[in-house]
Amino acid sequence: MQVKTITVGALQTNCYLLFDPDSREAYVVDPGDEAQDIADAVEELSLQVLAIVLTHVHFDHMLAAESLCRRWHAPLWIGADDQPALTDSRRNLMDLFSPGAVLMLQAQRLLFEGDVLPLGRTQLTVMETPGHTPGSLCLVTDEAIISGDTLFCGSIGRTDFPGGNALTLYGSLARLMSIEGDRTVYPGHGEPTSLSYERTTNPFVLGKVL
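Remember, it's a predicted structure, so these values are computed and weren't measured experimentally. (Residues numbered from 1 in each chain as written. Predicted model: local features only at pLDDT ≥ 70, side-chain atom pairs only at ≥ 80, totals over all residues. Heavy atoms only, no water.)

Draft legend 1. Focus on the overall build of the protein chain. A tally of helices and strands in the protein chain yields 5 helices and 14 strands. Taken over the C-alpha atoms alone, the protein chain extends approximately 45 × 45 × 30 Å along its principal axes. Looking at the protein chain residue by residue over its 210 residues, the buried ones come to 50%. When contacts within the protein chain are restricted to residue pairs at least 6 apart in sequence, those whose partners lie at least 24 apart make up 58%. Put simply, the protein chain shows about 9,300 Å² of open surface, and 50% of that area lies on carbon and sulfur atoms. In the protein chain, the 13 positive side-chain charges and the 27 negative ones have mean positions that sit 3 Å from each other. (Helix = DSSP H or I, 4+ residues; strand = E, 2+ residues; numbered from the N terminus. Buried < 20%, exposed > 50% of the residue type's maximum accessible area, 1.4 Å probe, protein only. Contact = heavy atoms within 4.5 Å. Areas by Shrake-Rupley, 256 points an atom, 1.4 Å probe, with all protein chains shown as cover. Lys, Arg positive; Asp, Glu negative; His and termini not counted. Charge placed at Lys NZ, Arg CZ, Asp CG, Glu CD.)

Listed below in structure tokens is the structure:
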């Protein structure tokens, strides 16, 4: 699996193109804005989009989802416990960005712990990691973790938004750290990191921030 990062929107969200270099099949993860830039990257790489996947349902991770779903006739897949937030502007934080605006999105598949998303010779396994939102998830392979806003380089996601829960997030963080070996971590914002680096340096993992 190869990973192409496109940083989009006012909050500099990382949209990821996860693709198989042989079949050119791809998942678009967290298309937060700037739909044309994302579409241009897909076209430049000659990719066939299988689905658009959201690591969680906040506006800055999905503003471009509706137009791109239409453009590619691609389904939208989200964590099951985030489904109520799709059209709830308070829970998906659209009220903060554009008061009165409503995103009219509908998920074609709800993702659960252990679901497997095939991509060529790679399998992406869904890990439910609630805390930032109730339905936050990570996509895990043998070499990588797409962590959304659960884990950042040196930090973790906020829990003071609707649906957030700090104790739940710490539990999800502990599960991530228990994954054997090392993985490259691709977060929802900021630079990539690794499990080994976060295990030894992240103050939230080390219990220095509670």
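Draft legend 2. Representation of the side chain of Thr 122. Structurally, Thr 122 can be placed in strand β8 (residues 122–128). Classification of Thr 122 by relative accessible area gives buried; the value is 15%. Among the polar contacts made by the side chain of Thr 122, one reaches the main-chain amide nitrogen of Met 1 at a distance of 3.4 Å. Beyond its immediate stretch of four places on either side in the chain, Thr 122 contacts Met 1, Leu 117 and Thr 141. (Polar contact = N/O pair within 3.5 Å; in protein donor to acceptor, adjacent residues only side chain to side chain.)

Draft legend 3. Highlighting the sheet that holds strand β14 (residues 193–194). Strand order in the open sheet formed by 6 strands is β7-β8-β9-β10-β13-β14, and the pairing between neighbours is mixed. Whereas interior strands pair on both sides, the edge strands pair on one side only; in this sheet they are β7 (116–119) and β14. Note: strand β9 (residues 137–140) against strand β10 (residues 144–148), 2 bridges, orientation antiparallel. Paired with Val 140 across the two strands is Ile 145, which belongs to β10. (Pairing = 2+ DSSP bridges.)

Draft legend 4. Geometry of the pattern of salt bridges. Per the stated rule, a full pass over the model turns up 5 salt bridges. Between Arg 121 and Asp 22 there is a salt bridge, with the nearest N and O atoms lying 2.9 Å from each other. Here Arg 121, found in the loop between β7 and β8, pairs with Asp 22, found in the loop between β2 (13–19) and β3 (25–29); they are 99 residues apart in sequence, far enough to count as distant. Under the relative-accessibility criterion, Arg 121 is labelled exposed at 72%. (Salt bridge = Lys/Arg side-chain N within 4 Å of Asp/Glu carboxyl O.)

Draft legend 5. The pairing of β10, seen in detail. Taken across its 5 residues, β10 has 5 buried, putting it largely inside the fold. Judged by which residues are buried, β10 turns out to be covered on both faces: Ala 144, Ile 146 and Gly 148 on one side and Ile 145 and Ser 147 on the other are all buried. Here β9 folds back onto β10 in antiparallel fashion, the turn holding 3 residues. Where β10 lies against strand β13 (residues 184–187), 4 bridges are found, and the strand directions are parallel. Its bridge partner lying in β13, Gly 148 is registered against Pro 187.

Draft legend 6. Region of interest: the packing of aromatic side chains. Tallying each qualifying case throughout the model produces 3 aromatic pairs. Between the aromatic rings of Tyr 16 and Tyr 186, the centroid separation amounts to 5.6 Å while the plane-to-plane angle is 70°, which identifies the pairing as edge-to-face. Within this pair, whereas Tyr 16 is found in strand β2, its partner Tyr 186 is found in strand β13, the two being separated by 170 residues in sequence. Judged by relative accessible area, Tyr 16 falls into the buried class, the value being 2%. A residue is classified by how much of its surface remains accessible, and Tyr 186, at 18% relative accessible area, is buried. Seen from the ring of Trp 77, Arg 109 lies directly overhead, with NZ or CZ sitting 4.8 Å from the centre. (Phe/Tyr/Trp six-rings, centres within 6.5 Å; stacked < 30°, edge-to-face > 60°. Lys NZ or Arg CZ within 6 Å of the ring centre and 35° of its normal.)

Draft legend 7. Just the sheet that holds strand β4 (residues 48–53), in detail. Strand order in the open sheet formed by 6 strands is β1-β2-β3-β4-β5-β6, and the pairing between neighbours is mixed. Edge strands, defined here as strands with exactly one partner in the open sheet, are β1 (2–8) and β6 (109–111). Adjacent strand axes in the sheet meet at a mean angle of 25°, parallel and antiparallel pairs treated alike. This element, helix α2 (residues 65–72), spans β3, β4 and β5 (76–79) of the sheet and lies at about 150° to β4. (Axes fitted to C-alpha atoms, helices over the stretch in contact; angles between N-to-C directions.)

Draft legend 8. Structural detail: unusual backbone geometry. Of note, Asp 30 is a non-glycine position whose phi angle comes to about 60°, a positive value. Its place among the elements puts Asp 30 in the loop between β3 and α1 (35–44). Its relative accessible area of 1% is what places Asp 30 among the buried residues. The phi torsion at Ser 46 lies on the positive side, around 55°, for a residue other than glycine. For Ser 46, the location among the structural elements is in the loop between α1 and β4. Judged by its relative accessible area of 52%, Ser 46 falls in the exposed class.

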